[in-house]
Amino acid sequence: MRIVMLGAPGSGKGTQAKRLENEYGFPQISTGDLLRKAVADGTRLGRSAKAAMDAGELVSDDIVLGMIKERIAAPDAAAGFVLDGYPRNRRQAEDLERVLQEIGIALDAAVLMDVDMDILMRRLTGRRTCSKTGKVLNVHFSAQEDIDACLRAGGELLQRDDDKEETIKNRLEVYERQTQPLIEHYSRKGLLRKVAADGGVDEVYRRITDLLGLGSRRPGSAVTGR
Ligand code: AP5
């Protein structure tokens, strides 16, 4: 399956994309993660992306297009992928269509994660990443045992630089202005699948797999509907 995850910052795109990767093997391709790695590694690309990311603005379309092209062409993406955070404006959506056309493939669905604003704010302000395991947690929503497991492993709960309140506000405005028009774009193409993404992580995951006709893969159970 080739899926685009659409939704506001904090709607849970990364959480669900990671789960689809773990359970079905479609790699999660997150432009945010690729950019944060480039910043952490201090590459030229990372240095030119950092200011926009810190301000909650979008990085240039050409930079992300280069990253996406390379990542989609990797062997592990041949049987499918979940795009998390790309495309984010009309130009990126058109770029993506061209890239996919060139290699003779097409998207199967654009999943819109629909969440109320008050929940988004709690998810974003509460998000922490475990420095030891890399697991994304949340001080408001994660089970205490998951948080304790990170601390017991000697990890720290790190907050993303752009999860400060002022930057969150701008990220949400950028989403409304630049990314929301893609809802109409994918709706016109018949690819849009809207999911109520305001429940718990398991509940939202079940809704997504049902919507995509994937069935749910649990230890010892066969995958149905693929
Ligand atoms: P990016 O990393 O893509 O950030 P984003 O789109 O703002 O999305 P988030 O990662 O904040 O949220 P998410 O929806 O993935 O939520 P998550 O699953 O983590 O981009 C960062 C920056 O990079 C951009 O601002 C831009 O500068 C640049 N960039 C990236 N892509 C770009 C592009 N294509 N073009 C240009 N620039 C680009 O969940 C959030 C929290 O909620 C977590 O703590 C999680 O544990 C919790 N949570 C999730 N689901 C649930 C649930 N169901 N119940 C309870 N808690 C939950």
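Residues numbered from 1 in each chain as written. Predicted model: local features only at pLDDT ≥ 70, side-chain atom pairs only at ≥ 80, totals over all residues. Heavy atoms only, no water.

1. Side note on the packing of aromatic side chains
Now for step 1: All chains considered together, the criterion is met by one aromatic pair.
Now for step 2: Look at Tyr24 and Phe26: their rings are 5.9 Å apart centre to centre, the planes differ by 5°, and that puts the pair in the stacked class.
Now for step 3: The class of Tyr24 is buried, set by a relative accessible area of 7%.
Now for step 4: Across the ring face of Tyr205, the terminal group of Arg19 is positioned such that the distance to the ring centre comes to 4.3 Å. (Phe/Tyr/Trp six-rings, centres within 6.5 Å; stacked < 30°, edge-to-face > 60°. Buried < 20%, exposed > 50% of the residue type's maximum accessible area, 1.4 Å probe, protein only. Lys NZ or Arg CZ within 6 Å of the ring centre and 35° of its normal.)

2. Description of unusual backbone geometry
Now for step 1: Here Tyr86 and Pro87 are connected by a cis peptide whose omega angle stands at 0°.
Now for step 2: Along the polypeptide, Pro87 turns up in the loop between β3 (81-84) and α5 (90-102). (Helix = DSSP H or I, 4+ residues; strand = E, 2+ residues; numbered from the N terminus.)

3. Describing the sheet that holds strand β8 (residues 192-196)
Now for step 1: Spatial strand order, β2-β3-β1-β4-β8: five strands in an open sheet with parallel pairing. Edge positions in the sheet fall to β2 (28-30) and β8, since each of these pairs with one other strand and no more. Across this sheet, the average inter-strand angle for adjacent strands is 25°, counted without regard to direction.
Now for step 2: Where strand β4 (residues 109-114) meets β8, five bridges bridge the pair, whose relative direction is parallel. When the bridges of β8 are listed, Met113 appears paired with Val195. (Pairing = 2+ DSSP bridges. Axes fitted to C-alpha atoms, helices over the stretch in contact; angles between N-to-C directions.)

4. Focus on the site of the ligand
Now for step 1: Near the ligand there are 35 residues, and of these Thr15, Glu57, Arg88, Arg127 and Arg171 occur at the shortest range.
Now for step 2: The separation between an oxygen atom of the ligand and a polar main-chain atom of Glu57 is 2.6 Å.
Now for step 3: For the ligand, an oxygen atom lies 2.7 Å from a polar atom in the side chain of Arg88.
Now for step 4: The protein chains hide 95% of the 1000 Å² of surface that the ligand would expose on its own.
Now for step 5: Broken down by secondary-structure element, the contributors of at least two residues to the shell around the ligand are α1 (13-24), α2 (31-41), α6 (117-126), β6 (136-138) and α10 (201-211).
Now for step 6: Take the shell around the ligand: its biggest share by element is four residues, from α2.
Now for step 7: Considering only residue class, the shell around the ligand consists of 14 nonpolar, twelve polar and nine charged. (Near = heavy atom within 4 Å. Polar contact = N/O pair within 3.5 Å; in protein donor to acceptor, adjacent residues only side chain to side chain. Areas by Shrake-Rupley, 256 points an atom, 1.4 Å probe, with all protein chains shown as cover. Nonpolar A, V, L, I, M, F, W, Y, C, P; charged D, E, K, R; others polar.)

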